[in-house]
Each structure stands twice: as C-alpha cells, then as structure tokens.
Amino acid sequence: MLTVVGRGVDDATAIAASQQDAEEFGVLYDRYAAQLYRYAYRRVGPELAEDVVADTFLAAFRRRSSYDLARTDARPWFFGILTREIARHRRSEEARWRAVGRAGTDDVAEGFADRIVASVTARSTRRPLAEALRRLSPGDRDVLLLVAWGDLSYEEVAETLHIKIGTVRSRLHRARRKLRAALGDSNPTDITEVDR
C-alpha cells in the first residue's frame, strides 16, 4: 500500500519513501515512463525501446538508496541512466540511423525532425540528417538529442551526463555545426540557432 499521497510529491520524497515501501517507486514510473519511452523509441526504435526503459527503471530502483535526496527532480537522473542503457545498445542505434537514411522514411521524425520537415522538403532532408546523426560522436549525439527530443535544459543535460555546462554548450554547438554542414550549410530549423 502506498504511503505517499498522490502525484503531488516531489521525486526525492517518492524515492525516500520507496526505501521503506518499494511500491512507492511506482509514482516515479507513472511520472517518467512515457517520456523515457518516447526518447528511447526515437533513439533505438520500437524493438528495443521497451527493454531499454525497463532496464532503466530496474537500474534506478536498485540505485535508489544512493540517490541524492537534495535533488527534488529526478528527471535528469532517469535520463542519465537511460542514456547509459542506450549506450549499451549503440550498435542498434547506429543501424537504425543507417536504415532511416537508406529508406528515406522516418518513424523517428517526431520532435526535432518534425520541425525540420515543417521548414524543408522531408525527403531531401531525412537521409542526410539521419546520416549526420549517425556520424556524430556518441557524446555530441547524446547532448543534441537530450536537448531536442528529451526537452532537457542545458543544466539538466549537464546533470544527466555528469559534465560541465560549458561541455554541453560546446558539444551542442559542434553537433549543430555538423548537422548544418551535412544539410548543405542551411539552417533548416530554428532549434539550431536557439540557446536555452
């Protein structure tokens, strides 16, 4: 039986309560599973997304006693664990980008790519975009996609990846520059120009 009342509690309170009653962790699942799944789906596709998210929650549950309860928002913590789980499946992600590039279709196009599609012809952009994303270093790709698809702020990305905010900015700048170059030095979307 849940001892924490409703969804109004902060993440740290739910994590602390889960130390006494494991079912309390369900509040966090309800809060973040859909966000994490959408992000994982875009990164590794439907074949692996459920497994990666399940592995993320299992790892988070096992590590909950080491969570810094001073941090009331666990979203960056969950995205950090998810990013590490995705890294374990890096080959699958890169194969997905190659397939998207070859096929010219993209069921990953929600979010960032939707904004691109709204600005330029989708068929002419998807292949070079997918190839450019595949060619980014894993660190640059993680930062770019956490901002674009995870909708994390620079501060949250820094916390998620355990890097400095200056590193987030430089990786994001480099990734944006490479994407623009891959798209013929055009700026197909405002997201490449907006700093948060």
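Here, every reference points to the structure presented above.
As a starting point, this report considers the structure included with it.

Cut-off values and rules
- Residues numbered from 1 in each chain as written.
- Predicted model: local features only at pLDDT ≥ 70, side-chain atom pairs only at ≥ 80, totals over all residues.
- Heavy atoms only, no water.
- Salt bridge = Lys/Arg side-chain N within 4 Å of Asp/Glu carboxyl O.
- Helix = DSSP H or I, 4+ residues; strand = E, 2+ residues; numbered from the N terminus.
- Buried < 20%, exposed > 50% of the residue type's maximum accessible area, 1.4 Å probe, protein only.
- Phe/Tyr/Trp six-rings, centres within 6.5 Å; stacked < 30°, edge-to-face > 60°.
- Lys NZ or Arg CZ within 6 Å of the ring centre and 35° of its normal.
- Axes fitted to C-alpha atoms, helices over the stretch in contact; angles between N-to-C directions.
- Parallel < 35°, antiparallel > 145°, perpendicular 65-115°, else oblique.
- Left-handed = near helix turned anticlockwise from the far one by under 90°.
- Contact = heavy atoms within 4.5 Å.
- Expected span 1.5 Å × (residues − 1).
- Core = buried A, V, L, I, M, F, W, Y, C linked by side-chain atoms within 4.5 Å.
- Bend = angle between axes of the 7 residues up to and from the residue.
- Nonpolar A, V, L, I, M, F, W, Y, C, P; charged D, E, K, R; others polar.
- Polar contact = N/O pair within 3.5 Å; in protein donor to acceptor, adjacent residues only side chain to side chain.

**Considering the pattern of salt bridges**
Next up, step 1: In the structure shown here, the tally under the stated rule is nine salt bridges.
Next up, step 2: The partner of R75 in a salt bridge is E156, and the shortest N-O contact between them spans 3.3 Å. Pair noted here: R75 is in helix α4 (residues 75-88) and E156 is in helix α9 (residues 154-161), with a separation of 81 residues, a long-range link. Just as R75 is buried, E156 falls in that class too.
Next up, step 3: Measuring nitrogen to oxygen at the nearest pair gives 2.5 Å for the salt bridge that ties E131 to R134. Within this pair, E131 and its partner R134 are both found in helix α7 (residues 122-135), separated by three residues, close to a single helical turn.

**Details of the packing of aromatic side chains**
Next up, step 1: For the structure on display, the rule yields nine aromatic pairs.
Next up, step 2: Three or more aromatic residues link up through ring pairs in this structure, and these residues are F25, Y29, Y32, F57, F61, Y67, W77 and F78.
Next up, step 3: The ring of F61 is capped by R64, whose NZ or CZ atom sits 3.8 Å from the centre of that ring.

**Some points on the packing of helix α2 (residues 26-44) against helix α3 (residues 46-63)**
Next up, step 1: Contact geometry for α2 and α3: axes closest at 8 Å, N-to-C directions at 140°. It follows from the interaxial angle that α2 and α3 lie oblique. When you trace α2 past α3, the crossing you get is right-handed. Listed contacts from α3 to L28, Y29, Y32, A33, L36, Y37, A40, Y41 and V44 of α2 are P46, E47, L48, A49, E50, V52, V53, T56 and F57.

**Topic: α3**
Next up, step 1: The end-to-end C-alpha separation of α3 is 26 Å, in line with the 26 Å expected for 18 residues at 1.5 Å each.
Next up, step 2: Taken as a whole, α3 has its buried residues at L48, A49, V52, V53, T56, F57, A59 and A60.

**Describing the nonpolar core**
Across soluble globular proteins, you tend to see nonpolar side chains buried next to one another.
Next up, step 1: The biggest cluster of nonpolar side chains holds 51 residues, and the ones touching the most others in it are W77, F78 and L82.
Next up, step 2: Sorting the residues of this core by element identifies α1 (11-20), α2, α3, α4, α7, α8 (138-148), α9 and α10 (165-182) as the ones contributing at least two each.
Next up, step 3: Here the element with the most residues in this core is α2; it accounts for nine residues.
Next up, step 4: With residues up to four places along the chain from it excluded, the contact list for F78 reads F25, L28, Y32, L36, T56, F57 and A60.

**As for α2**
Next up, step 1: The largest bend in α2 comes to about 45°, at Y32.
Next up, step 2: Along α2, the residues classified as buried are V27, L28, Y32, A33, L36, Y39, A40, Y41, R42, R43 and V44.
Next up, step 3: Once α2 ends, the next one or two residues include G45, with phi positive near 85°.

**Regarding the packing of α9 against α10**
Angle between the axes and distance between the axes: these two values describe a pair of packed helices.
Next up, step 1: Relative orientation of the contacting elements α9 and α10 amounts to 105°, with a least axis distance of 9 Å. Compared by their axis directions, α9 and α10 come out roughly perpendicular. Here Y154, E155, V157 and A158 of α9 lie close against α10, whose contacting residues are I165, V168, R169, L172 and R176.
Next up, step 2: For the contact of α9 with α10, the class distribution of residues is six nonpolar, no polar and three charged.

**Describing the side chain of E85**
Next up, step 1: Topologically, E85 is positioned in helix α4.
Next up, step 2: For E85, a relative accessible area of 8% translates into the label buried.
Next up, step 3: A polar side-chain atom of E85 sits 2.4 Å from a polar atom in the side chain of R88.
Next up, step 4: Once residues lying within four places of it in the same chain are set aside, the contact partners of E85 are V52, D55, T56 and A59.

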